[in-house]
Each structure stands twice: as structure tokens, then as C-alpha cells.
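# Observations on the model geometry
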Amino acid sequence: MPRFFLHLVLAGQRRLDPEGSELPDEESAVREAIWAAKELMAEELRAGKPLIRDAAYEVALDNGTVVATVTFAAAADHG
């Protein structure tokens, strides 16, 4: 099973995912990024902070190739 990494891009900084996750395919990795973005936005809102909409998760393979980018704005609008 391939390993995908969700690198967080926030406030002009890229925070690398050091572990990644084994997921069946790119579609599953994108769904995981959407879930992670929604979870982070919810945590920030619960803490009384403003909604993060200008961040993104880069979905990357173990060789560093970015195969998808999930913006928080798109994740917030995703069913």
C-alpha cells in the first residue's frame, strides 16, 4: 500500500508530515486531507480563533511528489 504525506502549508510556511499514512490510493489520501483540514478548522473554532481558510494540505508521495493540494476553503465547502 502506498504511503502518503499531508504537508500543511499555513501562513507561508510548509510543515512537513514526518510519518505519513498508508492509504489505498490518491483518492483516499485526498479524503484524508479534507477530513484533516476540517478537523483543524473545528479545533481552532472551538478555541475561539478565527476560521482558517487560507491554508492547504499538500498530498505527497514518499518520493516528495505532490499529487494533490486540498485548500481549507475547498474542504470547508466539501459535503
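Please refer to the structure placed before this passage.
Keep in mind the model is a prediction, meaning the values are calculated, not measured.

This brings us to the side chain of Asp17. Residue placement: Asp17 occurs in the loop between strand E2 (13–15) and strand E3 (21–22). We note that Asp17 is buried and unpaired, the nearest opposite charge coming from Arg3 at a distance of 7.4 Å. Among the polar contacts listed, one links the side chain of Asp17 to the backbone nitrogen of Leu6, at a separation of 3.0 Å. Among residues more than four places away in sequence, those in contact with Asp17 are Phe4, Phe5, Leu6 and His7.

Compared with the 30 Å implied by 1.5 Å per residue over 21 residues, the 30 Å span of helix H1 (residues 26–46) between its first and last C-alpha is a close match. Those residues of H1 lying buried are Ser28, Ala29, Ala33, Ile34, Ala36, Ala37, Leu40 and Met41. Residues of H1 that are buried make contact with strand E1 (3–10), strand E4 (56–61), strand E5 (66–71) and helix H2 (72–77). Its side-chain oxygen 3.4 Å from the backbone nitrogen of Glu27, Asp25 forms the N-cap of H1. Where H1 ends, the next residue or the one after it, Gly48, has phi of about 80°, a positive value.

Further remarks concern the pairing of E4. Most of E4 sits inside the fold, with five of its six residues counted as buried. In this structure, E1 lies alongside E4, joined through six bridges in antiparallel fashion. If you follow Leu6 over to E4, its bridge partner there is Val59. By the bridge criterion, five bridges tie E4 to E5 in an arrangement that is antiparallel. For Ala56, the partnering residue across the bridge sits in E5 and is Thr71. A loop of four residues connects E4 with E5, the two strands running antiparallel in sequence, and Gly64 in this loop sits at a positive phi of about 95°.

Looking now at the nonpolar core. In terms of nonpolar packing, the biggest core is built from 20 residues, with Ile52, Tyr57, Val59 and Phe72 touching the most fellow members. Contributions of two or more residues to this core are made by E1, H1, E4, E5 and H2. In terms of residues, this core owes the most to one element, H1, which gives seven residues. Those residues in contact with Phe72, other than ones at most four positions away along the chain, are Leu8, Ala37, Leu40, Met41, Ile52, Arg53, Ala55, Ala56 and Tyr57.

One non-glycine residue with positive phi stands out, namely Ala11, at about 55°. As for its placement among the helices and strands, Ala11 is situated in the loop between E1 and E2.

Calculation rules
Residues numbered from 1 in each chain as written. Predicted model: local features only at pLDDT ≥ 70, side-chain atom pairs only at ≥ 80, totals over all residues. Heavy atoms only, no water. Helix = DSSP H or I, 4+ residues; strand = E, 2+ residues; numbered from the N terminus. Buried < 20%, exposed > 50% of the residue type's maximum accessible area, 1.4 Å probe, protein only. Lys, Arg positive; Asp, Glu negative; His and termini not counted. Salt bridge = Lys/Arg side-chain N within 4 Å of Asp/Glu carboxyl O. Polar contact = N/O pair within 3.5 Å; in protein donor to acceptor, adjacent residues only side chain to side chain. Contact = heavy atoms within 4.5 Å. Expected span 1.5 Å × (residues − 1). Pairing = 2+ DSSP bridges. Core = buried A, V, L, I, M, F, W, Y, C linked by side-chain atoms within 4.5 Å.

Don't take any of this as a statement about function, it's just geometry.
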